[in-house]
Amino acid sequence: MKEEKKKRGNKGKIVLILLLALVCLSGAGGLIVWKVFTVKSMVVEGNELYSSEQIEQMVLNDEYSWNSLYVLLKYRFLDTGDVPFVDTMEISLDDPHTVHVKVYEKKILGCFYIETIGLNAYFDKDGFVVETSSEEIPRVPKVTGVSCSEIVLYEKLPLKESGLLKNLLALTQTLEKYDLQPQEIHYDEKLQPTLTYYGTQVVIGSDEYLSQKIVRLSAILPQLSGLYGTLYLDTWTPDSTDIIFKRAPKAQG
């Protein structure tokens, strides 16, 4: 009997010691999380539309965001909401004090201003509306001279003019390929585009020989820096290679 009581007493001590050890470990772990995992710096990559400072403000957006482990778990397991023009953000820790943010932005080729809703509708390479916003993004051309019916997010642009979407997508993708995004793409009554680069207008004409025209534009446009006028590419063909630039006086004001 005494031996059994002694054994039970020893087991009780062991259990108590294990419980105390668990409490101590939990306390130590909590102290480590509290004291060690503090945000002192942030590394941001993949961002173009937003600055690194803006991304930091978006990520560290509540009272507990001083803790790097909290930030990691928050973006790993919780729905943190959508950020305009951002597909997703991957959060990792380079060390307990450094939060690493990899930004995947939505690929945008152009936008329409939709008067009925007072917003810009941004579209991707396939013509799908990926974002609507009152913000204007640098280096994203505004498309004018055409009309849209109701805009639905993540659906194709419902351009009323037949065949225009195909022309617009071919044009914007070719311009992006040569890093020639204009301020504006304007379609005239014949649905032929004119590009605006500050003081220079570029008349493209029909989509025949479109790629060749844009290649010529990439060579000519740097030479027109600081000039005002109109460059006519609409008459260019492989057989008629003359390109005319008509200068205009500098705009006033």
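Further up the page is the structure itself.
Residues numbered from 1 in each chain as written. Predicted model: local features only at pLDDT ≥ 70, side-chain atom pairs only at ≥ 80, totals over all residues. Heavy atoms only, no water.

Considerations on the sheet that holds strand 3 (residues 98–105)
Step number 1: Read across the sheet, three strands follow the order 1-3-2 without closing on themselves; strand pairing throughout is mixed. Two strands bound the open sheet, and with one partner strand each, they are strand 1 (41–45) and strand 2 (86–95). On average, adjacent strands in this sheet sit at an angle of 20° to one another, irrespective of strand direction.
Step number 2: Examined bridge by bridge, strand 1 and strand 3 share five bridges and lie parallel to one another. When the bridges of strand 3 are listed, Val44 appears paired with Val101.
Step number 3: Contacts from helix 2 (residues 52–59) reach strand 1, strand 2 and strand 3, with the element oriented near 115° to strand 1. (Pairing = 2+ DSSP bridges. Helix = DSSP H or I, 4+ residues; strand = E, 2+ residues; numbered from the N terminus. Axes fitted to C-alpha atoms, helices over the stretch in contact; angles between N-to-C directions. Contact = heavy atoms within 4.5 Å.)

Brief notes about the packing of aromatic side chains
Step number 1: Inspection of the entire model under this criterion finds three aromatic pairs.
Step number 2: Note on Phe85 and Tyr122: the rings are 5.1 Å apart at their centroids and 85° apart in plane angle, and the pair reads as edge-to-face. Taken together, the residues span a long stretch of sequence, with Phe85 in the loop between helix 3 (68–77) and strand 2 and Tyr122 in strand 5 (residues 119–123) at a distance of 37 residues. There is no split in this pair, since Phe85 and Tyr122 are both buried. (Phe/Tyr/Trp six-rings, centres within 6.5 Å; stacked < 30°, edge-to-face > 60°. Buried < 20%, exposed > 50% of the residue type's maximum accessible area, 1.4 Å probe, protein only.)

Re the nonpolar core
Step number 1: The biggest cluster of nonpolar side chains holds 31 residues, and the ones touching the most others in it are Leu175, Leu195 and Leu217.
Step number 2: Those elements that provide at least two residues to this core are strand 5, helix 4 (164–177), strand 8 (184–187), strand 9 (193–197) and helix 5 (210–220).
Step number 3: Examining the composition of this core, we find that six residues originate from one element, helix 4, more than from any other.
Step number 4: The contacts of Leu217, once residues within four sequence positions are left out, are Leu175, Leu180, Leu195, Tyr197, Val202, Pro222, Leu231 and Leu233.
Step number 5: Counting 21 residues, the second largest nonpolar core, distinct from the first, contains Val83, Met89, Val101 and Cys111. (Core = buried A, V, L, I, M, F, W, Y, C linked by side-chain atoms within 4.5 Å.)

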